[in-house]
Amino acid sequence: MTTIHGEVAAGFEPVCEAFAANFSQHGDIGAAVCVYQYGRPVVDLWGGIADPETGRPWTRDTLQLVYSATKGATTTAAHMLAERGALDLDAPVAKYWPEFAANGKADIPVRWLLSHQAGLIALDQPVPLNEALHWHPMAAALAAQRPLWTPGIAHGYHGRTWGWLVGEVIRRVSGQTPGRYFADEIAAPLGLDFFIGLPARKRDRVSRMVYQRPAVDLTTMPAESVPEELREQVAAWRDPESFSNRAYTVTDPAEIDFDSPEVQAAELPASNGISTAHGLARMYAALIGEVDGVRLLTSETLASATKEQASGKDQVMLIPSRFSSGYMLPTETNPMIGPSSFGHTGRGGSLGFADPKHGIAFGYAMNNIIGGPNDVRATSLVDAVRKSLA
């Protein structure tokens, strides 16, 4: 049985029970969960193994790559610049990044980059990975790229390109790389263990990821044997030219080793944030209220930042999704705490979000990358938070 470490405030014991069950029943190897309520931590738990190869235990300060939960951090940086008057989200991207106007993109507003409406999910010519990790070649390729649908008429998850698109706007406006801006303006004031571009001295604190293969590979099944509700998605996975595949083949090679030191040290503001669960929760807590005297956005800015901008069928994921200007909004499959919640998931299960109505901020990070409809770990933890509130 995995030993659970940390603290839980009275009334939040169901979260501890759910966290323990994630190890005994749902596949967690090493993980942490943190919940803030009204600016104070009420759950801060960790347990398991950080590196299955060496047996290194997960500790309070173990860092974990949280994949697309990074997008919530980058989104926060963009809205801070907007609040300070340096960035107008309704202005054309080309106002700040003139080269972006190429190929019919002169009128695309910044807000459409944030809300996945720009149609720039893929590249006609992928960029060599070693060049993409050095930023400028990928930014230049996206500036020259034609949209793959008429911008503004639909939305589709820009899984990889989003980070370079939004990050380049942050860089042009602030004069800092997005990872540096996040470090100076968000992580430092809050004392967050959260990095977009990992310093070499932090490398030995990062867990090693384990990737679970699905028990059944739907792409190898006869089409008539695939459950009807999944047939459209499976057909897209089988088609190398589908948006579902092209969105993740923007580099050459397409596969990125997120355990490698080179990838972790680079700045990929869509996908390579490295944090503790506590860092995720504390950032979101400072979005909805003060945390040790620090608040990241005013309530007025937050209301604008979390207003729905896109909803309905996602052109990449082929399921319903909802986005504000950067944050994910609640859906049937990811309800968070309720209608007022906002945040972002990450590949394989990581999750960070806040709910201003209940004063809750949540962070979950783990190294067993499962994902898919059978992964109930984050959902069970959120359900336990909801139970505790009730």
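Structure: above.
Rules and cut-offs
The residue numbering used here restarts from 1 in each chain and proceeds along that chain's sequence as written. Where local features are concerned, this predicted model is filtered to residues with pLDDT of at least 70; where side-chain atom pairs are given and counted, the filter is 80 or more; whole-chain, interface and lining totals use all residues. The basis for every side-chain value is the complete set of heavy atoms in the structure, and neither hydrogens nor water enter the calculation. To qualify as a helix, a DSSP run of H or I must reach at least 4 residues; to qualify as a strand, a run of E must reach at least 2; elements of each kind are numbered from the N terminus. A radius of gyration in this sense is built from C-alpha atoms; the matching globule rule multiplies 2.2 Å by the number of residues raised to 0.38. Throughout this description, buried means an accessible area under 20% of the type-specific maximum (1.4 Å probe, protein chains only), exposed means over 50%, and partly exposed covers the range between. By the convention used here, residues are in contact when the closest approach between their heavy atoms is within 4.5 Å. Accessible areas in this description were obtained via Shrake-Rupley with a 1.4 Å probe; residue shielding takes into account the shown protein chains only. A positive count includes Lys and Arg, and a negative count includes Asp and Glu. His and the chain ends are not counted in either. Here the site of a charge means atom NZ of a Lys, CZ of an Arg, CG of an Asp or CD of a Glu. Note on aromatic contacts: the rings of Phe and Tyr and the six-membered ring of Trp form a pair at centre separations within 6.5 Å, being stacked when their planes are under 30 degrees apart, edge-to-face when over 60 apart, and tilted otherwise. In our convention, an over-ring charge means Lys NZ or Arg CZ found within 6 Å of a ring centre and within 35 degrees of that ring's normal. Here a polar contact means two N or O atoms within 3.5 Å. Within protein one must be a hydrogen donor candidate and the other an acceptor candidate, and residues neighboring in sequence count only if both atoms are side-chain atoms. By salt bridge we mean one thing: a side-chain nitrogen of Lys or Arg within 4 Å of a carboxyl oxygen of Asp or Glu. What a helix should span is 1.5 Å times the count of its residues minus one. The disulfide criterion is simple: two cysteine sulfur atoms within 2.5 Å.

Caption draft 1: Fine view of the overall build of the protein chain. The secondary structure content of the protein chain amounts to 14 helices and 16 strands. Here the C-alpha radius of gyration of the protein chain, 20 Å, is about what a compact globule of 390 residues would show, namely 21 Å. Dimensions along the principal axes, computed over C-alpha positions, put the protein chain at roughly 55 × 55 × 40 Å. Here the protein chain holds 390 residues, and 56% of them are scored as buried. Sequence-distant contacts in the protein chain: of pairs separated by 6 or more residues, those separated by 24 or more amount to 66%. Of the accessible surface of the protein chain, which amounts to about 16,000 Å², a share of 52% is contributed by carbon and sulfur atoms. Computed over 32 positive and 42 negative side-chain charges, the separation of the two mean positions in the protein chain equals 2 Å.

Caption draft 2: Broad picture of the environment of Ala187. Tracing the backbone through its elements, the reader meets Ala187 in helix H8 (residues 178-190). Under the relative-accessibility criterion, Ala187 is labelled buried at 6%. Spatially, the C-alpha atoms of Ala187 and Gly372 are 31 Å apart, while their sequence positions differ by 185 residues. When sequence neighbours within four positions are dropped, the list of residues in contact with Ala187 reads Phe182, Leu192 and Phe194.

Caption draft 3: Quick peek at the packing of aromatic side chains. Taken as a whole and assessed by the stated rule, the structure comprises 10 aromatic pairs. Chaining the aromatic ring pairs together yields one cluster made of Tyr284, Tyr327 and Phe342. We note Lys105 situated over the ring of Phe100; from NZ or CZ to the ring centre the distance is 5.0 Å.

Caption draft 4: View of the environment of Lys105. Note on placement: Lys105 falls in the loop between helix H3 (93-96) and helix H4 (110-114). When the C-alpha positions of Lys105 and Gln145 are compared, they lie 8.9 Å apart, and in sequence the two are 40 residues distant. Filtering out sequence-adjacent residues up to four positions away, Lys105 remains in contact with Phe100, Leu120, Leu142, Ala143, Ala144, Gln145 and Pro147. In terms of polar contacts, Lys105 uses its side chain to reach the backbone carbonyl oxygen of Phe100, at 3.2 Å.

Caption draft 5: Molecular detail of the pattern of salt bridges. In the structure shown here, the tally under the stated rule is 20 salt bridges. A salt bridge links Asp51 to Arg208, with the nearest nitrogen and oxygen atoms 3.5 Å apart. With Asp51 in strand S3 (residues 40-51) and Arg208 in the loop between strand S7 (194-195) and strand S8 (210-211), the pair connects residues that are 157 residues apart, well separated along the chain. A residue is classified by how much of its surface remains accessible, and Asp51, at 7% relative accessible area, is buried. Exposure remark for Arg208: the relative accessible area of 32% places this residue in the partly exposed category. Here Arg172 makes a salt bridge to Glu168, at a shortest N to O gap of 2.7 Å. You can see Arg172 and its partner Glu168 sitting in helix H7 (residues 161-174), four residues apart, about one turn around the helix. Classification of Glu168 as buried rests on a relative accessible area of 1%. Residues joined by salt bridges that share partners form a network here, namely Glu99, Glu168, Arg171 and Arg172.

Caption draft 6: Structural view of H8. Given a rise of 1.5 Å per residue, 13 residues ought to cover 18 Å, and the 17 Å separating the end C-alpha atoms of H8 matches this to within 8%. Within H8, burial applies to Pro178, Gly179, Tyr181, Phe182, Ile186, Ala187 and Leu190. Those residues of H8 that are buried lie in contact with helix H2 (70-83), H7, S7 and helix H12 (277-288). Two residues or fewer past H8, Gly191 is found with a positive phi of approximately 65 degrees.

Caption draft 7: The state of the cysteines, seen in detail. Inspection of the entire model under this criterion finds zero disulfides. Looking at the unpaired Cys16, the closest cysteine sulfur is the one in Cys34, lying at 13 Å. By relative accessible area, Cys16 is classed as partly exposed at 26%.

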